[in-house]
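Commentary on secondary and tertiary structure
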Amino acid sequence: MSQLLILAAEETENPLLPPIPELVIGLLAFVIVFGFLAWKLLPNINKVLEQRREAIEGGIEKAEAAQTEAQSVLEQYKAQLAEARHEAARLRQEAQEQGATLIAEMRAEGQRQREEIVAAGHAQIDADRKTASAALRQDVGKLATELAGKLVGESLEDHARQSRVIDRFLDELEEKAEATR
């Protein structure tokens, strides 16, 4: 029974509540440690947190500034690209117009040269025809004079008479040639 009494006496004390002297010593130790931490560590912790906050805010501001700058650079790039495309299109159009103009000029020059060559050919043909006609006239005249002299039995050496006979003979030949055409 005595053990029961001892157990009953021990049960009267609450096992969840520590004894008062331990509670006071623990509370005093807690206040000292907490006061020391608040006095020494809390300013350093606050300072580090403030630096981090400033760094984060500064980083955000820098990021926003960088983003704004990147956006403006992008807009400038797009504007320059659009301007370059416009300039390229303009240059392409000018080149096409110049090419068309050059082709037209070359065609006109070719046409002019062709006409000059044709005109020179006609002139050469006319000159050759006149030369051949004169040579032929002279040869035919000599032959006709000799033949007429043999037929008539007299010499047709007289130049004026010879020219009249030749001209009359050639005129007759030309009339016959025109009639057969």
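What counts and how
Sequence order as written defines the numbering, with residues in each chain counted from 1. Confidence filtering applies because this is a predicted model: local features only for residues at pLDDT of at least 70, side-chain atom pairs given and counted only at 80 or more, and all residues used for totals across whole chains, interfaces and linings. Water and hydrogen atoms were dropped before computing side-chain values, which therefore reflect all heavy atoms in the structure. Strands are runs of DSSP state E lasting at least two residues, helices are runs of H or I lasting at least four, and both sets are numbered from the N terminus onward. Any residue under 20% of the maximum accessible area for its type is buried, any over 50% is exposed, and the rest in between are partly exposed; the area is computed with a 1.4 Å probe on protein chains only. Each accessible area is a Shrake-Rupley estimate made with a 1.4 Å probe; only the visible protein chains count as cover when residues are assessed. A patch consists of residues exposed above 30% relative accessible area that lack any salt bridge, with like charges linked at up to 9 Å and nonpolar side chains (Val, Leu, Ile, Met, Phe, Trp, Tyr) linked at up to 5 Å. Here a salt bridge means any side-chain nitrogen of Lys or Arg lying within 4 Å of a carboxyl oxygen belonging to Asp or Glu. Charge counting treats Lys and Arg as positive and Asp and Glu as negative, with His and both chain ends excluded. Note that the charge is assigned to NZ on lysines, CZ on arginines, CG on aspartates and CD on glutamates. Stacked, edge-to-face and tilted labels apply to pairs of Phe, Tyr and Trp rings (six-membered ring for Trp) whose centres lie within 6.5 Å, assigned for plane angles under 30 degrees, over 60, and everything in between, in that order. Geometrically, a charge over a ring is one whose NZ (Lys) or CZ (Arg) sits within 6 Å of the ring centre while staying within 35 degrees of the ring normal. The pocket and cavity definitions rest on a 1 Å grid over protein atoms only: a 1.4 Å probe that fits but cannot leave marks a cavity, an open set with protein on both sides within 12 Å along at least five of seven lines marks a pocket, and residues lining either have an atom within 4 Å of a point. Grid points are joined across faces, edges and corners, and a volume is the space filled by probe spheres set on the points. Per residue, pLDDT measures the predictor's confidence, with a range of 0 to 100.

In terms of helices and strands, the chain carries three helices and zero strands. In the chain, the succession of helices and strands from N to C terminus is α-α-α. Split into buried and exposed, the 181 residues of the chain put 6% on the buried side. Carbon and sulfur atoms make up 62% of the accessible area of the chain, which totals about 16200 Å².

Let's shift gears to a negative patch on the surface. Side chains of Asp171, Glu172, Glu175 and Glu178 sit close together on the surface and give a patch of like negative charge. Considering the arrangement of structural elements, one finds glutamate 178 in helix H3 (residues 159-180).

Turning our attention to the packing of aromatic side chains. Under the definition given, this model contains two aromatic pairs. Relative to phenylalanine 34, the ring of phenylalanine 30 has its centre 6.0 Å away and its plane inclined at 20°; by these criteria the two rings are stacked. Taken together, the residues phenylalanine 30 and phenylalanine 34, both in helix H2 (residues 20-152) and four residues apart, mark about one turn of the helix. Assigned by exposure class, phenylalanine 30 and phenylalanine 34 land together as exposed. Residue placement shows lysine 40 over the ring face of tryptophan 39; its charged tip is 5.1 Å from the ring centre.

The next thing to look at is the layout of surface pockets. Taken as a whole, the largest pocket holds about 380 Å³ of empty space. The wall of the largest pocket is formed by twelve residues, among which Ser133, Leu136, Arg137, Leu170 and Glu174 lie closest to the centre. Broken down by secondary-structure element, the contributors of at least two residues to the lining of the largest pocket are H2 and H3. Among the elements that take part in the lining of the largest pocket, H2 stands out by supplying six residues, more than any other.

Nonpolar side chains collect at one region of the surface, where Val33, Phe36, Leu37, Trp39, Leu41, Leu42, Ile45 and Leu49 lie side by side and expose about 780 Å² of accessible area between them. Relative to the helices and strands, leucine 37 resides in helix H2. Since its relative accessible area comes to 36%, leucine 37 is described here as partly exposed.

Residues with a pLDDT of 70 or more make up 84% of the chain, whose mean pLDDT is 83. By mean pLDDT, helix H1 (residues 2-12) is the weakest element of the chain at 56, and H2 is the strongest at 88.

For the rest of this paragraph, the subject is the pattern of salt bridges. Scanning all chains against the criterion turns up seven salt bridges. Its salt-bridge partner being arginine 53, residue glutamate 57 comes within 2.8 Å of it at the nearest N-O pair. Residue glutamate 57 and its partner arginine 53 are both found in helix H2; the two are separated by four residues, about one turn of the helix. Arginine 53 gets classed as partly exposed once you look at its relative accessible area, which sits at 38%. Between arginine 112 and glutamate 116 there is a salt bridge whose closest N-O contact spans 2.1 Å. Taken together, the residues arginine 112 and glutamate 116, both in helix H2 and four residues apart, mark about one turn of the helix. Judged by relative accessible area, which is 35%, arginine 112 ranks as partly exposed. Its relative accessible area of 45% is what places glutamate 116 among the partly exposed residues.

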